[in-house]
Amino acid sequence: MNRFIKESLADLPPYAAGKKLPNAVKLSSNENPLGPCPAAVKAAAASLETVHRYPDGMSTSLREKIAARNGLSPENIIVGNGSDELMVFASGALINTGDEGLTSENTFSEYNFSVKCFGGVCRKVPLKEGIFDLEALAEGIGEKTKIVFLCNPNNPTGGYFGEEALRAFLKRVPEGVVVFLDEAYFDYVDRSEAPDYPDSPRLLAEYPNLVISRTYSKIYGLAALRVGYAMGNGELIEALYRAKHAFNVNTPAQAAAEAALGDEEFYEKSREMTFRGKRYLYGELDRRGVSYFPTQSNFLCLTFATPASQIFTGYAERGIVIRDLSSFAMPHSIRYTIGTEENNRRFIEILDELVREGLCTI
Ligand SMILES: Cc1ncc(COP(=O)(O)O)c(C=O)c1O
């Protein structure tokens, strides 16, 4: 027991990040295996000449571009030091000691973290076949609920809910409860497979209690620069600003994000690689009878009879770092970031080796 820590944080383990191991390819954190967006790297490097100045604390130019892309105004946008910071801003603006947040089990840990930071309690309902159960969440909203976090597609399962289900849910949420819709993997949704994936910015005009977050960490390959943004009604975004530090997003990060928006070629190449990889992996996994969730993200969640910790070790020793999902309360599941063709082939080869050697049971 740490005598310096407040009660709401005492039982919270530190964030368990995807591991980095020397001589192994890291496919454990849903990063872009193609590297960073080249136009973004160039812009970030050029901006280093100006780092003796504080950054623009309002990310003005970037917000204008994001707003224009989404048919919104700059007042509807806030930029964060990664989208996870925006979750902290939202909880910071809304949660007092004893208030409640609501989310799902087996999802991104930062929702729970952000609520607890401000002395709140985060309640959870089970996932339904790897997807947020919006009916159970609507029923779970209580007197003390201030914010509901949704992850669509969900990390770590990759499952998504459609626009009709989201609309039905939003209709049931009381006006004073904020819905934080995390779309970190929005760029990897394949509309030919998921035509009903929500066009969520369009819902903002109808639902002033909705806020949507997205990130530059994944498809644009800028995870280390830390840039994400949230979109919402002006009053709600203003509330998030109240919890923001003055200079939260640094100048190279803002420059990189702006330049990334103009690099369609890298964006499309990354998407195509992921879609091709997904089709290949589905085929190989189906042939072997491996259980997995259909995904609309750049990762796959696979479940085995063998504990995930053992499978993690088997992969790490053979050159690939995957994610052991024990920290997501899924001790028999792993998450693999869909990689290059070569990565994916090696992933399947290692699976076969582990099965042959009795280290993994399907
Ligand atoms: C669902 C989800 N939301 C948000 C994030 C955080 O993204 P960022 O790097 O923008 O903080 C992640 C990162 O893994 C994620 O999986």
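About the cut-offs
- Along each chain, numbering runs from 1 in the same order as the chain's sequence is written.
- Two thresholds apply to this predicted model, a pLDDT of at least 70 for residue-level local features and 80 or more for giving and counting side-chain atom pairs, whereas whole-chain, interface and lining totals are computed over all residues.
- For the side-chain quantities, the full set of heavy atoms in the structure was used; hydrogens and water were omitted.
- Being paired, for any two strands, means DSSP has found at least two bridges between them.
- Put simply, DSSP marks the helices as runs of H or I at least four residues long and the strands as runs of E at least two long, and each gets a number from the N terminus on.
- Think of each axis as a best-fit line through the C-alpha atoms, taken over the contacting stretch in the case of a helix, with angles from 0 to 180 degrees between the N-to-C directions.
- Residue contacts follow a heavy-atom distance rule, with two residues in contact if any of their heavy atoms lie within 4.5 Å.
- Each residue is placed in one exposure class: buried if its accessible area under a 1.4 Å probe, protein chains only, is under 20% of its type's maximum, exposed if it is over 50%, and partly exposed if it falls in between.
- When the strands point away from the viewer, a crossover counts as right-handed if the route from the first strand across the helix to the second turns clockwise.
- In these notes, a set of buried Ala, Val, Leu, Ile, Met, Phe, Trp, Tyr and Cys residues joined through side-chain atoms within 4.5 Å is what counts as a nonpolar core.
- For every domain, the bounds stem from an assignment made automatically or drawn from a database.
- Here the quantity called buried area is the total loss of accessible area, with a 1.4 Å probe, experienced by two parts when brought into contact, counted for both.
- In the sections that follow, a salt bridge refers to a side-chain nitrogen of Lys or Arg positioned within 4 Å of a carboxyl oxygen of Asp or Glu.
- For this analysis, a polar contact is any N or O atom pair within 3.5 Å, provided that within protein one partner can donate a hydrogen and the other can accept it, and provided that sequence-adjacent residues contribute only side-chain to side-chain pairs.

This part takes up the sheet that holds strand β3 (residues 100–104). Judged by pairing direction, the sheet is mixed, and its 7 strands sit side by side in the order β2-β8-β7-β6-β5-β3-β4 without closing on themselves. Pairing within the sheet leaves two strands with one partner each, and these edge strands are β2 (77–80) and β4 (121–125). Strand-to-strand, the axes of this sheet are offset by a mean angle of 20°, without reference to chain direction. Note that β2 and strand β8 (residues 228–232) share 4 bridges and pair antiparallel. When the bridges of β8 are listed, I78 appears paired with A230. Against the sheet, helix α5 (residues 110–117) touches β3, β4, β5 (145–151) and β6 (178–182), its axis set at about 160° to β5.

Here we come to the pairing of β5. Summarising burial for β5: 6 of the 7 residues are buried, a large majority. Inspection of the sheet shows β3 paired to β5 by 3 bridges, in the parallel sense. The partner of L102 across the bridge, within β5, is V148. The pairing of β5 with β6 spans 5 bridges and is classified as parallel. The residue bridging L150 from the neighbouring strand is L181, located in β6. In terms of handedness, the path from β5 via helix α7 (residues 163–172) over to β6 forms a crossover that is right-handed.

Right, let's talk about the nonpolar core for a bit. Grouped together as the largest cluster of nonpolar side chains are 72 residues, with contacts concentrated most on L137, L150, F169, L210 and Y216. Counting residues domain by domain, this core receives three or more from each of domain 1 (18–33 + 265–356) and domain 2 (38–261). Here L210 is in contact with L170, V179, L181, S200, L203, L204, M231, G232, N233 and L236, once residues within four sequence places are set aside. By size, the runner-up hydrophobic cluster in this structure holds 27 residues, among which are L281, A308, I334 and F347.

Here we take up the domain arrangement of the chain. Looking at the chain, the domain boundaries give domain 1 (18–33 + 265–356) and domain 2 (38–261). Inter-centroid distance (C-alpha atoms) of domain 1 to domain 2 is 26 Å. Taken residue by residue, the interface counts 23 residues in domain 1 and 25 residues in domain 2. Summing the contributions of domain 1 and of domain 2, the shared interface buries around 2100 Å²; its carbon and sulfur component is 58%. Looking only at domain 1, the three residues that lose the most surface to domain 2 are Y267, Q296 and F328, adding up to 32% of its buried area. The interface formed by domain 1 and domain 2 contains 1 salt bridge. We note a salt bridge from E193 to K278, for which the minimum N-O separation is 2.8 Å. Taken together, the connections running from domain 1 to domain 2 amount to 13 residue pairs in polar contact (both at pLDDT 80 or more).

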